[in-house]
Each structure stands twice: as structure tokens, then as C-alpha cells.
Amino acid sequence: MIYLNKIMLFAQLKEDMGKSSMEVVAAGKTVGELRAFLEKETSLGSLDGIMIAVNEEFAKDEWIIEEKDEIALIPPVSGG
């Protein structure tokens, strides 16, 4: 059985995609591999500067994603 990981989208990414989440097969990939896949295969474009969290913890590119991990793409926040 293939498991789809849920990717939560926030702020501008949510607006750009027109939805708050999407699902992809990510188990067994690293965060870096997932980033490259999303840049190439979705309309998100470059994810430079986007933080990626796995199970509510910021993850480095070497982090290996497992089944049922929840992923979040978090763009930089500016405020005044």
C-alpha cells in the first residue's frame, strides 16, 4: 500500500495553490529530495527561504520522511 503524506501550506503558499494542503508520496525521501520534487512537479516554484517542518519540528534537508509524517511548508513572515 502506498501512503500519502499530508503537506500543509501556509500564508502565500496557501494563496498561490488555492488550498491549505496537498498529499504526495514522500516516505523514504529526505526533506531535500521532497523540496526538489515540489519545485519541479508543482506550481509552487522555488522554495528557497521556505522552512520545512516534519511533525511540527523544523527539519534539515537530510531528515528522512516516514509514513504518516505530517509536513508543513512555512514561508518567511514579515511584520511591522
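Residues numbered from 1 in each chain as written. Predicted model: local features only at pLDDT ≥ 70, side-chain atom pairs only at ≥ 80, totals over all residues. Heavy atoms only, no water.

**As for the pairing of strand 3 (residues 51-54)**
And step 1. One ladder, built from four bridges, connects strand 3 with strand 5 (residues 71-74); its direction is antiparallel. Its bridge partner lying in strand 5, methionine 51 is registered against isoleucine 74. (Pairing = 2+ DSSP bridges. Helix = DSSP H or I, 4+ residues; strand = E, 2+ residues; numbered from the N terminus.)

**As for the environment of arginine 35**
And step 1. Here arginine 35 is to be found in helix 2 (residues 31-41).
And step 2. When the C-alpha positions of arginine 35 and serine 46 are compared, they lie 8.9 Å apart, and in sequence the two are eleven residues distant.

**Quick notes on the nonpolar core**
And step 1. Membership of the largest hydrophobic core comes to 19 residues, with the highest contact counts inside it found for Ile7, Met22, Leu34, Leu38, Leu44, Ile71 and Leu73.
And step 2. Counting only elements with at least two residues in this core, the list comes to strand 1 (5-9), helix 1 (11-17), strand 2 (21-24), helix 2, strand 3 and strand 5.
And step 3. Sort the elements by how many residues they give to this core and helix 2 lands first, with three residues.
And step 4. With residues near it in sequence (within four places) discarded, leucine 44 still touches Leu13, Met17, Met22, Leu38 and Leu73. (Core = buried A, V, L, I, M, F, W, Y, C linked by side-chain atoms within 4.5 Å. Buried < 20%, exposed > 50% of the residue type's maximum accessible area, 1.4 Å probe, protein only. Contact = heavy atoms within 4.5 Å.)

**Describing helix 2**
And step 1. Here helix 2 has its buried residues at Val31, Leu34, Arg35 and Leu38. Looking straight down helix 2, one finds that the buried residues subtend no more than 100° of arc, so they occupy a single side.
And step 2. For helix 2, the elements touching its buried residues are strand 1, strand 2, strand 3 and strand 5. (Arc of directions from axis to C-beta.)

**A word on the pairing of strand 2**
And step 1. Side chains of strand 2 alternate between two faces, with Met22 and Val24 buried and Ser21 and Glu23 left unburied.
And step 2. Examined bridge by bridge, strand 1 and strand 2 share four bridges and lie antiparallel to one another. Pairing of asparagine 5 across the sheet is with valine 24, part of strand 2.

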